[in-house]
Amino acid sequence: MRPVHIALAVVVAAVWGVNFVVIEVGLGHFPPLLFSALRFLAAALPAVFFVGRPCVPWRWIVTVGLALGVGKFGLLFVGMHEGMPAGLSSLVLQVQSVFTAVLAAAVLGERPGRTRLLGMVIALAGIALAAVDEGTSGPLLGFVLVVTAAAFWGVANVATRKASPPRALNFIVWTCVVPVAPLTALSLLFEGPAADLAALRALDLSGAGALLYVAWGSTVFGFVVWSRLLRTYDASAVAPYSLLVPVFGMSSAALLLGEGVSALRWCAAALLVGGVAVTLLSGARRGPGPADEDRDPGAVHGPKVAAGAGPG
């Protein structure tokens, strides 16, 4: 990759990593489901009026929109609201590559090789170690919700693979429209109209800035740059830079939020990132695989995720 494109890949990873800290800030202003709904509303408008509808069946737009918006980000935001640390969230979400590979094998018949299987086992060992650490130092419910969010990210990756949208930006903008209504309905049901209205009435510059960052910075900017890199280079050359997301996520959380990182958590991070790296490198030797090619839509909604992300 050219140096300027390497720099762009690192910038996007930094944007997605810091996104978890910004989510933490936003959750101080909004109930989690309302925050997620507003994030997708801001990402979809006004872009949806300027991009054409993607040339894929509606079922894939709806499936990806629900899996990413309601499944991944709804659960991620609720999990962080329940006490899951921002830095650890950015790390745990990387297990989406394991879920993607498993689902691709089950749904698409794409069998992972031995090296990729080894990477998946190493990554899962990291998740197990992180679960032990979180179980002794924090709420386990938040951890489970974030792992489940990663599983939904895998669902979205495989669905996007099946859809194969010819215009990725159009596809992602329209998928951002899908979760707005169900997230709003869930917010009204579980968080209550009074809490939602109080959050909107108390909106200040900090809350608005957090909302715009996760919507335009993490989703729109991150997706556009990442998708252009993937159009220029093989996915196996671009995807490894997503491993920097938890590095930026954990570092920024420690620096800006004062989150401590235990020795056990560092070991979990080494195992998880190492396992994902083995998985990606095995894809690079054999050509782009489902987990690699599908890092794009997932990542932008997250940490993306990376919506979104990813991709928080």
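Up top is the structure these notes are about.
Residues numbered from 1 in each chain as written. Predicted model: local features only at pLDDT ≥ 70, side-chain atom pairs only at ≥ 80, totals over all residues. Heavy atoms only, no water.

Caption draft 1: Just the overall build of the chain, in detail. Per the secondary structure count, the chain includes 16 helices and 0 strands. Across the 312 residues that make up the chain, the buried fraction comes to 54%. Of the roughly 12,100 Å² that the chain leaves accessible, carbon and sulfur atoms contribute 71%. (Helix = DSSP H or I, 4+ residues; strand = E, 2+ residues; numbered from the N terminus. Buried < 20%, exposed > 50% of the residue type's maximum accessible area, 1.4 Å probe, protein only. Areas by Shrake-Rupley, 256 points an atom, 1.4 Å probe, with all protein chains shown as cover.)

Caption draft 2: Main features of helix α2 (residues 32–44). Taking 1.5 Å of rise per residue, 13 residues should cover 18 Å, and α2 covers 19 Å from first to last C-alpha, within 8% of that figure. Every buried residue of α2 is accounted for by Pro32, Leu33, Leu34, Phe35, Ser36, Ala37, Leu38, Arg39, Phe40, Ala42, Ala43 and Ala44. Its buried side turned inward, α2 meets α1 (3–27), α3 (58–81), α8 (168–177), α9 (180–191), α10 (193–201) and α11 (205–232). (Expected span 1.5 Å × (residues − 1). Contact = heavy atoms within 4.5 Å.)

Caption draft 3: The arrangement of the packing of aromatic side chains in detail. Tallying each qualifying case throughout the model produces 5 aromatic pairs. Here Trp58 and Trp174 contribute two aromatic rings whose centre-to-centre distance is 5.7 Å and whose plane-to-plane angle is 75°, an arrangement assigned as edge-to-face. Placement of the pair is Trp58 in helix α3 and Trp174 in helix α8, with a sequence separation of 116 residues. Here the aromatic residues Phe30, Phe35, Phe40, Phe73 and Phe77 are joined through ring pairs into a cluster of three or more. When the ring centre of Phe73 is taken as origin, the NZ or CZ atom of Arg39, which lies over that ring, is 4.0 Å away. Positioned over the ring face of Trp153 is Lys72, at 3.6 Å from the centre of the ring. (Phe/Tyr/Trp six-rings, centres within 6.5 Å; stacked < 30°, edge-to-face > 60°. Lys NZ or Arg CZ within 6 Å of the ring centre and 35° of its normal.)

Caption draft 4: Here's a closer look at the packing of α1 against helix α13 (residues 244–256). Running from N to C, α1 and α13 point in directions that differ by 45°, and their axes come no closer than 7 Å. When the interaxial angle is binned, α1 and α13 end up oblique. The crossing of α1 and α13 is right-handed. Across the interface between the two elements, Val10, Ala13, Ala14, Trp16, Gly17, Val18, Phe20 and Val21 from α1 touch Leu244, Val245, Phe248, Gly249, Ser252, Ala253 and Leu256 from α13. Among the residues forming the contact of α1 with α13, the class breakdown is 12 nonpolar, 3 polar and no charged. (Axes fitted to C-alpha atoms, helices over the stretch in contact; angles between N-to-C directions. Parallel < 35°, antiparallel > 145°, perpendicular 65-115°, else oblique. Left-handed = near helix turned anticlockwise from the far one by under 90°. Nonpolar A, V, L, I, M, F, W, Y, C, P; charged D, E, K, R; others polar.)

Caption draft 5: Up close: the environment of Val225. Along the chain, Val225 turns up in helix α11. Separated by 214 residues in sequence, Val225 and Val11 place their C-alpha atoms 9.6 Å apart. Aside from chain neighbours lying at most four places away, what touches Val225 is Leu8 and Val12.

Caption draft 6: Molecular detail of the side chain of Glu259. Topologically, Glu259 is positioned in the loop between α13 and α14 (263–286). For Glu259, the side chain forms a polar contact with the main-chain nitrogen of Gly87, separated by 3.1 Å. Excluding residues that lie within four positions of it along the chain, Glu259 makes contacts with Pro85, Ala86, Gly87, Ala253 and Ala254. (Polar contact = N/O pair within 3.5 Å; in protein donor to acceptor, adjacent residues only side chain to side chain.)

Caption draft 7: Inspection of the environment of His5 at higher detail. By the element assignment, His5 lies in helix α1. Looking at His5, the relative accessible area reads 17%, which means it is buried. Excluding its chain neighbours within four sequence positions, the residues that come into contact with His5 are Leu229, Thr232 and Tyr233.

Caption draft 8: Quick look at the packing of α2 against α11. Contact geometry for α2 and α11: axes closest at 9 Å, N-to-C directions at 55°. Between α2 and α11, the interaxial angle falls into the category oblique. Crossing handedness for the pair α2 and α11: right-handed. Counted together, Phe35, Leu38, Arg39, Ala42 and Ala43 of α2 and Ala210, Leu211, Val214, Ala215, Trp216, Ser218, Thr219 and Val220 of α11 form the full contact between these two elements. Its residues assigned to classes, the contact of α2 with α11 shows 10 nonpolar, 2 polar and 1 charged.

Caption draft 9: Structural detail: the nonpolar core. Within the largest apolar cluster, 81 residues are counted, with the highest numbers of intra-cluster contacts made by Ile23, Phe35, Leu76, Val92, Leu93, Phe143 and Trp226. Counting residues per element, this core draws most heavily on α1, which supplies 10 residues. (Core = buried A, V, L, I, M, F, W, Y, C linked by side-chain atoms within 4.5 Å.)

Caption draft 10: The arrangement of the environment of Val18 in detail. Counting through the fold element by element, Val18 comes out in helix α1. Val18 sits 230 residues away from Phe248 along the chain, and the two C-alpha atoms are 6.3 Å apart. Contacts of Val18, omitting those with residues within four sequence positions, involve Tyr213 and Ser252.

Caption draft 11: Spotlight on a nonpolar patch on the surface. Taken together, the side chains of Leu41, Leu45, Phe49 and Phe50 present a nonpolar region at the surface, about 470 Å² in accessible area. Its place among the elements puts Leu45 in the loop between α2 and α3. (Patch = residues over 30% accessible without salt bridge, like charges linked within 9 Å, V, L, I, M, F, W, Y side chains within 5 Å. Salt bridge = Lys/Arg side-chain N within 4 Å of Asp/Glu carboxyl O.)

This is a description of form; function is not addressed.
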